[in-house]
Amino acid sequence: QVQLVESGGGLVQPGGSLRLSCAASGRIFSIKAMGWYRQAPGKQRESVAVIPTGGSANYADSVKGRFTISRDYAKNMVYLQMNSLKPEDTAVYYCNAQLTRDGLGPVFSYWGQGNQVTVSS
């Protein structure tokens, strides 16, 4: 009933840039927050950047000053601009949305399909 479709990602050299996009569609009443998470091989999934609706973005310390999260509220989209990429940024990146499907319902968490980002020379 709700789909999150990601685009972007790929292979980039250290110091390069990439932009991830994510579009949420389907039965959406209200989006509470959208964000990006990542999971490297052998590691747990971690939060990269989250932006609550009408609020300020929160970033992992490891990406502060290099990554920027933004939202297009009209299109239910979230973006992650990644600059000065490092090999340790290599991971599968997942889009997440916290939303309600009706006016009084609970908040649900939805995930995108994941996109590989590889930083290597």
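Residues numbered from 1 in each chain as written. Predicted model: local features only at pLDDT ≥ 70, side-chain atom pairs only at ≥ 80, totals over all residues. Heavy atoms only, no water.

Draft legend 1. Spotlight on the overall build of the chain. Regarding its fold elements, the chain presents zero helices and 11 strands. For the chain, the sequential pattern of α-helices and β-strands runs β-β-β-β-β-β-β-β-β-β-β. The C-alpha atoms of the chain give 14 Å as radius of gyration, which agrees with the globular expectation for 121 residues (14 Å, within 12%). Seen through its principal axes, the chain has C-alpha atoms that stretch 50 × 25 × 25 Å. In the chain, of all internal contacts separated by at least 6 residues, the share reaching a separation of at least 24 is 55%. Surface accessibility of the chain: about 6,300 Å² in total, with carbon and sulfur atoms responsible for 50%. Placing the 12 positive and 7 negative side-chain charges of the chain at their respective mean positions leaves the two points 3 Å apart. (Helix = DSSP H or I, 4+ residues; strand = E, 2+ residues; numbered from the N terminus. Rg over C-alpha atoms; globule rule 2.2 N^0.38 Å. Contact = heavy atoms within 4.5 Å. Areas by Shrake-Rupley, 256 points an atom, 1.4 Å probe, with all protein chains shown as cover. Lys, Arg positive; Asp, Glu negative; His and termini not counted. Charge placed at Lys NZ, Arg CZ, Asp CG, Glu CD.)

Draft legend 2. Examining the side chain of D89 more closely. Tracing the chain through its elements places D89 in the loop between β8 (77–82) and β9 (91–100). From its side chain, D89 meets the backbone nitrogen of K86 in a polar contact 2.8 Å long. (Polar contact = N/O pair within 3.5 Å; in protein donor to acceptor, adjacent residues only side chain to side chain.)

Draft legend 3. Just the packing of aromatic side chains, in detail. This model, assessed by the stated rule, comprises three aromatic pairs. Taking 5.0 Å as the distance between ring centres and 70° as the angle between the ring planes, the aromatic pair formed by Y37 and W111 counts as edge-to-face. One end of the pair, Y37, is in strand β4 (residues 30–39); the other, W111, is in strand β10 (residues 107–111), with 74 residues separating them in the sequence. When its relative accessible area of 37% is taken as the criterion, W111 is described as partly exposed. A connected cluster of aromatic rings, assembled from ring pairs, spans Y37, Y94 and W111. For the cation-ring pair, R45 lies above W111, with the distance from its terminal atom to the ring centre recorded as 4.5 Å. Taking the ring centre of F108 as reference, the NZ or CZ of R101 above it sits at 4.0 Å. (Phe/Tyr/Trp six-rings, centres within 6.5 Å; stacked < 30°, edge-to-face > 60°. Buried < 20%, exposed > 50% of the residue type's maximum accessible area, 1.4 Å probe, protein only. Lys NZ or Arg CZ within 6 Å of the ring centre and 35° of its normal.)

Draft legend 4. Examining the pattern of salt bridges more closely. By the definition in use, this model includes five salt bridges. Taking the shortest distance from any N to any O, the salt bridge between K64 and D61 comes out at 3.1 Å. The class of D61 is exposed, set by a relative accessible area of 65%. With its nearest N and O atoms 2.7 Å apart, the salt bridge here joins R66 to D89. With a gap of 23 residues between them, R66 in the loop between β6 (58–59) and β7 (67–72) and D89 in the loop between β8 and β9 connect regions that are remote in the sequence. You'll find R66 and D89 in the same group, each marked buried. Several salt bridges share partner residues, and in doing so they unite R38, E46, R66 and D89 into one network. (Salt bridge = Lys/Arg side-chain N within 4 Å of Asp/Glu carboxyl O.)

Draft legend 5. Summary view of the nonpolar core. Judged by nonpolar contacts, the single largest core of 30 residues is most densely connected at L4, W36, V48, F67, L80, M82 and Y93. Those elements that provide at least two residues to this core are β1 (2–7), β3 (18–26), β4, β5 (46–52), β7, β8, β9 and β11 (115–119). No other element matches the five residues that β9 contributes to this core. (Core = buried A, V, L, I, M, F, W, Y, C linked by side-chain atoms within 4.5 Å.)

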